[in-house]
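An overview of the molecular structure
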Amino acid sequence: MTDVDLRKLRYFVAVAEQLHFGRAAEQLYIAQPVLSRQIRALEDELGVQLFVRDRRSTVLTPAGEQLLADARSLLAGAQALRRRVIRAARGVDTFTVGFMPGLIVTAPVRAMTDRHPALTLELVRTTWNDQTTVVHDGRADVSFVRLPIDAQGLSVRPLYTEPRVVVVSAEHRLAGKQTVEVADLADEHLLQEPDLVPEWRDIATELRIPRPDVPAFHSVEEKLEHVAAGRGIIFLPLSVATFYTRADIVYLAVPDIAPNQVSLAWDADRHSPLIEEFADLAAELTPSVTQESC
């Protein structure tokens, strides 16, 4: 069997994510007939059918689903390789750290700079959606992450845990309290995936009936706008809630839900002394967040 063409693989992923050849072609800036020919060529090379397509819909076959599961990491790895090779060719000696809002990474970054004055330390801000992607695609050497994550292909070192709080509108019936129990929130509408808060999920009233639709949010800021408007609640790590302090929302301690785990993640296939050194510094110097400290 011939080697898989990465360009065809990118075309496949675009169609698999859109499940529409026309929209995928627009995204790729190519003509739809060209895209169709490339997908057929890929199917011929692999000897399998990837899509079932008719006038109304396009769906993945089991082979297509398997290819999609593997293709994203393959493409990310190729992009990471390209970035590292270009950086090496330019002679740029950098070390890039990913971090999420609310996480303070100054101490290990400063210590690493002190130890390696010729090394350029760079920072990249991440979100819930790309906190591990930046490692897979080479944008970051390491990334401070909040669990749960898909740890496939990663080395993950636990650093510390921090409390989670519930965020409600300033006009909410519980807004005057400092602490609530998860049972007090059983009748609320949750604006995030219930499995992220199993203690709430197991008692939630709205999960016993057809659950109201939850918009597809792309940032914490979007969720907080809905919370402020009284459309529901969210649970956040304490440091994130304090990072987004504003007058129209309130965060309340919920002692009977599990804390959030903060860890450091990097590519499991990379065996770099700098990564190991930074991981040790992060474990030693990264400050944790407690309910009492805020």
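Right above here is the structure, for reference.
These notes cover the structure that comes with them. Note that this is a predicted model, so its numbers are computed, not measured. (Residues numbered from 1 in each chain as written. Predicted model: local features only at pLDDT ≥ 70, side-chain atom pairs only at ≥ 80, totals over all residues. Heavy atoms only, no water.)

1. Examining the overall build of the protein chain
- In terms of regular secondary structure, the protein chain is built from ten helices and ten strands.
- Projected onto its principal axes, the C-alpha coordinates of the protein chain cover approximately 65 × 55 × 30 Å.
- Residues counted as buried form 44% of the 294 residues belonging to the protein chain.
- Across the protein chain, every contact between residues at least 6 apart in sequence was considered, and the portion connecting residues at least 24 apart equals 69%.
- Split by element, the accessible area of the protein chain, about 15900 Å² in all, is 51% carbon and sulfur. (Helix = DSSP H or I, 4+ residues; strand = E, 2+ residues; numbered from the N terminus. Buried < 20%, exposed > 50% of the residue type's maximum accessible area, 1.4 Å probe, protein only. Contact = heavy atoms within 4.5 Å. Areas by Shrake-Rupley, 256 points an atom, 1.4 Å probe, with all protein chains shown as cover.)

2. Topic: helix H10 (residues 273-285)
- A rise of 1.5 Å per residue sets the reference length of H10, with its 13 residues, at 18 Å; its end C-alpha atoms lie 18 Å apart and thus fit the reference within 8%.
- Turning to H10, its buried residues number three or more, namely Ile 275, Glu 277, Phe 278, Ala 279, Leu 281 and Ala 282.
- The secondary structure elements touched by the buried residues of H10 are strand S3 (94-99), helix H5 (106-115), strand S5 (142-146), strand S6 (154-162) and strand S10 (260-267).
- One side-chain oxygen of the residue at the start of H10 lies 3.2 Å from the amide nitrogen of Leu 274, identifying that residue as Ser 272. (Expected span 1.5 Å × (residues − 1). Polar contact = N/O pair within 3.5 Å; in protein donor to acceptor, adjacent residues only side chain to side chain.)

3. Quick notes on the layout of surface pockets
- The calculated volume of the largest pocket comes to roughly 880 Å³.
- Around the largest pocket, the lining comprises 28 residues; the ones closest to its centre are Arg 72, Ser 73, Ala 76, Gly 77 and His 136.
- Residue contributions to the lining of the largest pocket peak at twelve residues, all from helix H4 (residues 62-90).
- A per-class count over the lining of the largest pocket returns ten nonpolar, ten polar and eight charged.
- Put simply, the second largest pocket is a space of about 760 Å³.
- If you trace the second largest pocket, you find 37 residues lining it, with Trp 128, Asn 129, Gln 192, Leu 196 and Lys 223 closest to the centre.
- Looking at side-chain class alone, the lining of the second largest pocket contains 21 nonpolar, nine polar and seven charged residues. (1 Å grid on protein atoms, 1.4 Å probe; cavity = no way out; pocket = protein on both sides within 12 Å on 5 of 7 lines; lining within 4 Å. Points joined across faces, edges and corners; volume = space filled by probe spheres on them. Nonpolar A, V, L, I, M, F, W, Y, C, P; charged D, E, K, R; others polar.)

4. Description of the side chain of Asp 137
- With respect to the helices, strands and loops of the structure, Asp 137 is situated in the loop between helix H6 (133-136) and S5.
- Of the residues examined, Asp 137 reaches a relative accessible area of 10% and is grouped as buried.
- Within the structure, Asp 137 has its side chain in polar contact with the side chain of Arg 139 (distance 2.9 Å).
- Excluding its chain neighbours within four sequence positions, the residues that come into contact with Asp 137 are Ala 76, Gln 79, Ala 80 and Arg 83.

5. A look at the nonpolar core
- Within the largest apolar cluster, 23 residues are counted, with the highest numbers of intra-cluster contacts made by Phe 95, Val 97, Val 142, Phe 144, Leu 264 and Phe 278.
- Elements supplying a minimum of two residues to this core: S3, H5, S5, S6, S10 and H10.
- When residues of this core are assigned to their parent elements, the largest contribution, five residues, is made by H10.
- Each residue touching Val 97, except ones within four places of it in the same chain, is listed here: Val 109, Leu 121, Glu 122, Leu 123, Val 124, Val 142, Phe 144 and Phe 278. (Core = buried A, V, L, I, M, F, W, Y, C linked by side-chain atoms within 4.5 Å.)

6. A few points about the sheet that holds strand S9 (residues 249-253)
- One open sheet holds the three strands; their spatial order is S8-S7-S9, and the pairing between them is antiparallel. Sheet topology places strand S8 (234-237) and S9 at the edges, where each strand pairs with a single neighbour. On average, each strand axis in the sheet is tilted by 40° relative to the strand beside it, whichever way the strands run. (Pairing = 2+ DSSP bridges. Axes fitted to C-alpha atoms, helices over the stretch in contact; angles between N-to-C directions.)

7. Comments concerning the sheet that holds S10
- Here we have five strands laid out as an open sheet, ordered S4-S3-S5-S10-S6, and mixed in their pairing. Whereas interior strands pair on both sides, the edge strands pair on one side only; in this sheet they are strand S4 (120-125) and S6. Within this sheet the neighbouring strands show an average axis-to-axis angle of 20°, counted without direction.
- Inspection of the sheet shows S3 paired to S5 by two bridges, in the parallel sense. Note on S5: the bridge partner recorded for Gly 98 is Ser 143.
- Across the face of the sheet, H10 comes into contact with S3, S5, S6 and S10 while running at roughly 165° to S10.

8. Section: the packing of aromatic side chains
- Counted by the stated rule, this structure contains five aromatic pairs.
- Consider the rings of Phe 12 and Phe 51, whose centres lie 5.5 Å apart with planes at 45°: the pair is tilted. One end of the pair, Phe 12, is in helix H1 (residues 6-18); the other, Phe 51, is in strand S1 (residues 51-53), with 39 residues separating them in the sequence.
- Among the residues examined, Phe 12 registers a relative accessible area of 0% and is labelled buried.
- Relative accessible area serves as the criterion here: at 5%, Phe 51 is assigned to the buried category. (Phe/Tyr/Trp six-rings, centres within 6.5 Å; stacked < 30°, edge-to-face > 60°.)

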